[in-house]
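Per-entry structural report
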Amino acid sequence: MRKKITLLSLVIVLFGVTFISCKKEYFDFDKMREDQWQNVNMQVPLINTSLVLRDILQDYDKEELFEIDDEGFLSLIYNNTAYSKHAEDIIILDDVDFIPDNLSGNEISGNNITINKNFNFSSFLGAQLDSIRYDSVTIEVTVSHNMTNTGALTIQFPGLTKNGNMAQMLISNTSGTTSQLFTGYELDLATNGPNNIDYKYIFNGWNGTAAQSVNISISIKNQNYKIINGYIGHHNIDLPKDSVFIDIFKNQFDGQFYFEDPKIKLTMINSFGLPIKLQLDTIYGKDYDDNYSPYYLMGFEKNPVNYPTIKGNYATDEALFDTTNAIWIRDFITTKPKYVFFDALGEINPDNNINSNNFVIDTSLFTLNLEFQLPLWGRAEYPTLRDTSKLDMETEFSKIDDITYVKFRFDINNGMATEVRVQAYFIDTLGVIQDSLFTNREDWIVIDGGITDANGKVIQKTRKISEIVYDRNRINKLKNVSDVVYVAEIRTDDVENGKLVKFYADDAIDIKMGIHVKGGTNFDFSNY
Amino acid sequence: MFAQQSNTLFYMHRLPQATLVNPAIQPDCKLTISGLIVPVSGQLFPAMHTNMGSTGFAYKDMVQYNSVIDSLMIPTSKGFDYEHLLSKLKNVNFITFEEHLDIISVGYKWKNDWRFTFNIASKTELRLDFTKDLITLISEGGNGGSFSGETANLSMGITATQWHEIGLGASKKLNDKLTIGATAKLLFGQSNVWSKKTNLDWSTNATDYTYNINADMEVYTSQAFYQVDKYYYDYNADSMVFEGTNLNPSTKQVLFSFKNPGAAINLGAEYKLNDKINLYASVIDLGFIKWNNNVNVFTVNGKYKFDGYDPQPYATQNDSVINAHNDALVDEAIEIFLPERQIDSYFSYLTPKLNIGGTYQFNEKINAGILYRGDIYHRKLHSSLTLSGNANLTKWFSAYLSYSMMYNSYTNIGVGLVAKGSIFQFFVVTDNIFGFFMPQSTRVLNARLGINLMFGCKKSNSQTLVGNSEL
């Protein structure tokens, strides 16, 4: 028995030693691989967003571009100031030179010799001013003479007063020019008749003969007014061609669209206290390819534009162009203008009625705003929305060293009344297309528009699930990609038959995008 | 199939340690003594039990050898065969470690039909559980590409307990057929980490890859080393931060803490059906510990859905808008998964073990045994089955050979050897002898060894296995 046990023990030991000898490689840690690798089999919900139309069309700093009515119906509103002029740009008081006075020597000899004069003051043709309150005004006097003896000369302007005191100038330089600045004075042009200004010379100590004389020239310069009262006269206003920038068509390059009820609203804001006639003859545009549209005849005239009767107030006036009074408006919108121009003419006191009691203050402003109103009611066929975003594939995919495939899954619910076709182009830094999401046009992701009711309002969303797989070869093509250009074509429901659809504020495209990446990457686990 | 203690030990009735798995067993010696504090023998071969097991994988499944490139590969190595590893895993897998050390164990037989025992032991048990889905997730970079349209069970739990126990037992032969026994134990918990609830599942929508994560987790801790003062989510480091105080307990405070009391009982019976067949049954470790010292209970309960980023805030290119959006995303997740904390005392429970078996006597020296064993935890019965041949070959030497199905492994050959000289009884037993020769392939490796001092043993020459035997 003892021999048997000994033999059994030996067998067990040999058996064990044999096994350990055969499997020692499992414990030879010098053979441990030092690389660090992480397999990747990721499914990640990457994007989940719900885009309403204002998200798609508007820039984020221009929320005022949309208007929503009580039913949620959307209108695109683009406005800009077409024209804006201050009083100093329209009513300019030119320098006034009085008719020089030539006085004989014996006429002014003696003391306290007073000579009254009068000048019919008018800065404008046909103006009959009552008064001008100045911010500042300069009076310049030039004296020349051949008198034997000169004395003192004072010039007084009884109509130019400040706090009841008339303006006067003591001319010390009797053989030259003297200037004096008057601030806060008001010039009375009405007491002695329209546009009439009285002034007087007072000579003291002058001595001369009839053969001798004094020549005096007076100029009123740098008339910075605060208020002008009276009839200012008839004038044309220089309205240079200006443009209004609108960006609804910024991303739109191709295709056709039709707005059923476009409108253009003019708003005139006027704080000039006088009649102004505004005339808009033509309108035209320039698109994003710098092509000009035809000229469209507006034929608009407003005479007069509303104006305030109380100084400091302003009056507004509006004119609306729509399909009922502007047959050109749909055609014009179809030209997809980037800039809108118009030919305009303005007139002050167009009826030349001298009984008009005008006023102008230095802050008076005339503004013309041009507003495009595009109710989103119509149809569209393949207008293309494009946008570009950075996509540094070299950086992104260098994180994954060995990609088997990348799968993109889209789950899109379209609640808008348009079919949407989506494509993306991957371009390098030179703009050269390296690859596209789809090779053939028929492969583009097509999401049918939501189901609409008889009024063109979406009542049910349409769902589309798509999957795009990029294998290793296609991914290699993307290594030099720097940007991706997204292209979306839209097409409204039943556009062939002219069906009109409406867009509401809550119409949305719900987009979910998931990404499934399979591969592996070098990974430094010591960092974790 | 799963088990913890050595199953081969169950029919090694010459050993006083057999009472640890069935308190009805009565070795014939009048007095038996063993343990760490027994002079000389206690230190040379302390009576201890060590067990390591894995239901899911063996060493070679995790540390793979590629003969083509003559290299070892671990899961972070390129080319590691995850498919092989995953093929070995069950839906839920366990890794266990046990260390039982007998400080002192005394048995005393009185009037032929009574036997009393007293023992003090220190025990450490650790059990980690994890799911196959969790390993799959890790293997794929943590994003569940394989779970499209499915729900992944990512539960992971831990139960780790260190405690001391003082046991007082008695067994009695009620008649010629039936012997019963019981051991009452006072328990003194030292440290515990217990994940009572570990429910964490993750589903990925097959269409849009939306994540849905549900969590219902409870973790209980009691230990003497570190006190959590506060915890919070660190946005900059993107991680949870626990701040606290190192308690720096002394060895005495760690080993002799009585702040966490508990109690347990072992029950056993032996029934002699006839001259050939004996039946055995026992229930071990029915008990609990109440944890009072430095208790923390962390609970997480919530649902989280992530269905993608909204790009519109990013399109603004406004840093404040983008940061606010990102913070809101993080806050949403943190709000759900930030643990809530309680500091109430709690009860944890030992792992009850059920043993049912029987032996068939071929002759005076040899019998064959069968043992079913079930461990109850996670509200499930984890079973193992052992067949054994038990032989008292001489009056001083016994040998035992077993075959066990355990840890989802079916190649476990166990061996037990008992040898006696003078008052010294040396023993060694394992359920998987191959584990020592082929550690790379084994899932279970356990051993119990020690030296018992035996006094007052019968002087007969009997080598029978029928009934209790002396050696």
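Calculation rules
Residues numbered from 1 in each chain as written. Chains lettered and ligands numbered in written order. Predicted model: local features only at pLDDT ≥ 70, side-chain atom pairs only at ≥ 80, totals over all residues. Helix = DSSP H or I, 4+ residues; strand = E, 2+ residues; numbered from the N terminus. Buried ≥ 20, exposed ≤ 12 C-beta atoms within 10 Å, placed from the backbone. Contact = placed C-beta atoms within 7 Å. pLDDT = per-residue confidence, 0-100. Nonpolar A, V, L, I, M, F, W, Y, C, P; charged D, E, K, R; others polar. Arc of directions from axis to C-beta. Pairing = 2+ DSSP bridges. Axes fitted to C-alpha atoms, helices over the stretch in contact; angles between N-to-C directions. Core = buried A, V, L, I, M, F, W, Y, C linked by C-beta atoms within 7 Å.

**Digging into the overall build of chain A**
Per the secondary structure count, chain A includes 7 helices and 34 strands. The buried share of chain A, reckoned over its 528 residues, is 29%. Taking the contacts inside chain A whose residues are at least 6 apart along the sequence as the reference set, 84% of them involve residues at least 24 apart.

**Topic: the overall build of chain B**
On a plain count of helices and strands, chain B comes out with 8 helices and 24 strands. For the C-alpha atoms alone, the extent of chain B along its principal axes is close to 95 × 55 × 40 Å. Burial statistics for chain B: of 471 residues in total, 40% are counted as buried.

**Describing the confidence of the model for chain B**
In this model, chain B carries an average pLDDT of 88, and 96% of its residues clear a pLDDT of 70 or more. Predicted complex metrics record ipTM = 0.79 and pTM = 0.71.

**Topic: the interface of chain B and chain A**
With 39 residues of chain B at the interface, the matching set in chain A holds 39 residues. Of all elements in the fold, only α2 (59–62), β4 (71–73) and α8 (434–437) of chain B reach the threshold of two or more residues within the side of chain B that touches chain A. For the side of chain B that touches chain A, the element with the most residues is β4 of chain B, which contributes 3 residues. Classifying every residue of the side of chain B that touches chain A by side-chain character gives 15 nonpolar, 17 polar and 7 charged.

**Brief notes about helix α4 (residues 132–139) of chain B**
Residue and element names in this part refer to chain B. Within α4, burial applies to Asp133, Leu134, Thr136 and Leu137. Down the axis of α4, the sector holding all buried residues measures 160°, keeping them to one side. Those residues of α4 that are buried are in contact with α3 (82–88), β6 (114–131), β7 (151–153) and β8 (156–173). Phi for Gly141, located one or two positions after α4, is positive at around 85°.

**Quick look at the sheet that holds strand β20 (residues 315–321) of chain A**
Sheet strands pair by backbone hydrogen bonding; their relative direction is either parallel or antiparallel. All names here are of chain A. Overall, antiparallel pairing links the 5 strands, which are arranged β2-β3-β23-β17-β20 in an open sheet. The open sheet has two free edges, formed respectively by β2 (66–68) and β20, since each of these has just one partner strand. Ignoring which end each strand starts from, the neighbouring axes of this sheet average 25° apart. Two elements, strand β17 (residues 263–270) and strand β23 (residues 365–375), share 8 bridges in a ladder whose sense is antiparallel. Pairing of Lys265 across the sheet is with Glu371, part of β23.

**Quick look at the sheet that holds strand β31 (residues 462–471) of chain A**
Residue and element names in this part refer to chain A. Pairing in this open sheet of 4 strands is antiparallel, and the strands run β1-β34-β25-β31 from one edge to the other. Bordering the open sheet on either side are β1 (37–52) and β31, each of which pairs with just one other strand. On average, adjacent strands in this sheet sit at an angle of 10° to one another, irrespective of strand direction. Strand direction decides the pairing type here: strand β25 (residues 402–414) and β31, joined by 10 bridges, are antiparallel. In the sheet register, Phe410 faces β31, and the bridge partner there is Ser466.

**Points about the nonpolar core**
Within the largest apolar cluster, 89 residues are counted, with the highest numbers of intra-cluster contacts made by Ile228, Ile232, Ile276 and Val360 of chain A. Examining the composition of this core, we find that 7 residues originate from one element, strand β13 (residues 213–231) of chain A, more than from any other. Core analysis: the next-biggest nonpolar cluster, separate from the first, contains 17 residues, Leu9, Ala18, Tyr400 and Val418 of chain B among them.

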